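# Coordinate analysis (summary)
So the chains spell out like this:
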Amino acid sequence: MQLLGKRAGAAPARAGRSSAVAKIPVVAGSRSRVLSTTVMATAATQVPVKEVPTKPIDGQKTGTSGLRKKTKVFMSDNYLANWVQSLFNALGDEVAGQTLALGGDGRYFGKEAAQIIVKLAAGNGFKKIYVGKDAIMATPAMSAFIRRRKAYGGLIMSASHNPGGPEEDFGIKFNYTAGEPAPEKITDKIYGETTSISTLKMADIPDVDLSKVGVTTFGGFEVEVVDPIADYLATLKEVFDFGMLKAFVTRADFSMVFDAMHAVTGPYAKAIFVEELGAKPESIKNGVALPDFGGGHPDPNLTYAHDLVELQWSDAGAMLGAASDGDGDRNMILGKKFFVSPSDSVAMIAANAQACIPYFKGGLKGVARSMPTGAALDRVAAKLGLPFFETPTGWKFFGNLMDAGKCSVCGEESFGTGADHIREKDGIFAVLCWLSILAYKNKDVPVGGQLVTVEDVAAEFWGTYGRNFFSRYDYEACESAAAEKMMDHVRSVIAASPPGTKFGAFELATADDFEYTDPIDGSVAKGQGLRFVFTDGSRIIFRLSGTGSAGATIRMYIEQYTNDKARLKEDAQVALKDIIKVALDLSKLQEFTGREKPTVIT
Ligand SMILES: O=P(O)(O)OC[C@H]1O[C@H](O)[C@H](O)[C@@H](O)[C@@H]1O
Ligand SMILES: [Mg+2]
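Residues numbered from 1 in each chain as written. Chains lettered and ligands numbered in written order. Predicted model: local features only at pLDDT ≥ 70, side-chain atom pairs only at ≥ 80, totals over all residues. Heavy atoms only, no water.

Identification of the chain as phosphoglucomutase (alpha-D-glucose-1,6-bisphosphate-dependent) from Tetradesmus obliquus is taken from an unreviewed UniProt entry. If you open the UniProt record of the chain and go to Subcellular location (unreviewed entry), you find "Plastid, Chloroplast". Per UniProt, the chain carries the Sequence similarities (unreviewed entry) text "Belongs to the phosphohexose mutase family." (UniProt positions renumbered as here; feature names shortened; annotations may be inferred.)

### A word on the pairing of strand S20 (residues 388–391)
Only one face of S20 is buried: it carries Phe389 and Thr391, and the other face, with Phe388 and Glu390, is open. As judged from the 4 bridges shared by strand S19 (residues 367–370) and S20, these two strands associate in the parallel manner. The residue of S20 that forms the bridge with Ser370 is Thr391. Between S19 and its parallel partner S20, the chain crosses via helix H11 (residues 376–384), and the hand of that crossover is right-handed. (Buried < 20%, exposed > 50% of the residue type's maximum accessible area, 1.4 Å probe, protein only. Helix = DSSP H or I, 4+ residues; strand = E, 2+ residues; numbered from the N terminus. Pairing = 2+ DSSP bridges. Right-handed = clockwise from strand over helix to strand, strands pointing away.)

### Brief notes about unusual backbone geometry
Phi is positive for Asp134, which is not a glycine, with a value near 60 degrees. Tracing the backbone shows Asp134 in the loop between strand S8 (128–132) and helix H4 (139–149). A positive phi angle, close to 55 degrees, is found at Met261, a residue other than glycine.

### A closer look at the confidence of the model for the chain
Averaged over all residues, the pLDDT of the chain is 91; the fraction at 70 or higher stands at 92%. Confidence over residues 1–38 falls short of pLDDT 50; this stretch has 94 contacts with residues more than four positions distant or in other chains. Our summary of model confidence lists the complex with pTM equal to 0.90 and ipTM equal to 0.97. (pLDDT = per-residue confidence, 0-100. Contact = heavy atoms within 4.5 Å.)

### Considerations on the packing of aromatic side chains
Counted under the stated rule, the structure contains 22 aromatic pairs. Taking the centre distance of 6.0 Å and the plane angle of 65 degrees together, the rings of Phe503 and Phe534 count as edge-to-face. In this pair, Phe503 sits in strand S24 (residues 502–503) while Phe534 sits in strand S28 (residues 530–534), placing the two residues 31 residues apart along the sequence. (Phe/Tyr/Trp six-rings, centres within 6.5 Å; stacked < 30°, edge-to-face > 60°.)

Right, dumping it as structure tokens:
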């Protein structure tokens, strides 16, 4: 991937400085006035700029998905401004005259943060910033927006599925020109800049009213407040057959429930499922987006989306149950009394995509999954003769493959599913995929007939491919030193275990610390997870999470394959009991961490 000058022809303007006294007409909403100022102005946009002294702040290193910290930390001193200025410094001259997009998941501090970022964008020579109304834009919607509007990049204010509010988390990340999370080459550079930053370039302009769609200009700088849903919806309409979906969703014998967890997808779900596809308004649960997500933990998994799980396991359960996370990129898919493991979901989508989804009607270019993700997708790739890629954890690793036309559908065990229509994982996309599969498979079933269910789709898949039982145990907020010691111990077990070593009934084929060489740009990512692969294809993997915000989160991933027809519907925890014991024994996890039980089981 070419880093800088990616859209070289687009904006030759330079952010040179002019210290001339500037008389700058300002139109802010209905107000119109003239600012007289002696501060510097960008040559590109003729906006007055204050150079505000600042000092480096420790610990501004970007993790798996941007910078995430406690909201109070983000609100303190120049914490947010330092990071954003460091980003602009890292991008250098490239930003002058460019267009930026901005939005977030609506969490606490988002609107205030947006005002700071607008001023920094103007002060650093951008000529335009799009801001989602009320500073809102779901992560996949931002990716779609950047691509449709050919923006230079976008800033997403989100800590994803982490709780929000004054005592909880805030976050920010940068997505680049193709709508993809910034690659490590950029995030490393940003971090470098945070350690030596001395000046913030803040435009001396008033706050913008973000509650109304419209354009406000300050000299040559433009702020356009946009509907955060329209572009995303337009992209989804290019992927799916909305006519077929509407006909299915409005069937009297179909029901769905989507739990927005009081996070950003509430308004999107209303616009897409209810207004476009005709789902009943009561299909959307917790649809009002709140700055603290109603005090919840907006992570769509069996633990945190428990209201939805309870509903789906009750007699009132819908045919399709789904949930999305804080910023709308994750998804969980449920049938009636049935959970689709994310590793299976991506494989089932890939297996059915060509028949059920217009965007894929020419077939898939290739598929990819992250290393710890269960290997059902591998079997689909083999059967369909598709290129297959195994990447490290983190959506950013799919970007190059997609840009190079090598990957159409990809997914992660961490409730992420997506495709090359954008460069982020996409919760609502996954739900629309499942709706498309159900609509297609039921197209000849008369109303009142025996509908093909989510569980039937899974059973058909397992019947064809066999089943990769998968489970992930999370041990959240462990003491960091203890977690590191455990990982060191596992490394020593790997070093002492040649192929053929027996672990209980399992015979080791290979064990390593996963390393990935990007086939497109040759970049190497090391230390991406300690894995044990056994001769029957079973796997045990240990990683430390890159997204936690307190202590260390240990993730233990377990997988075992069967094509024994009698066992296909077994409960995963029962099927995996023996290998889970092997994993706990070999890692001495309980001994090192003092944890008897995981905090989350997927
Ligand atoms: O296991 P972690 O490092 O916490 O990452 C878990 C997940 O976090 C985010 O959602 C990233 O976008 C994913 O790509 C990643 O799989
Ligand atoms: Mg997310």
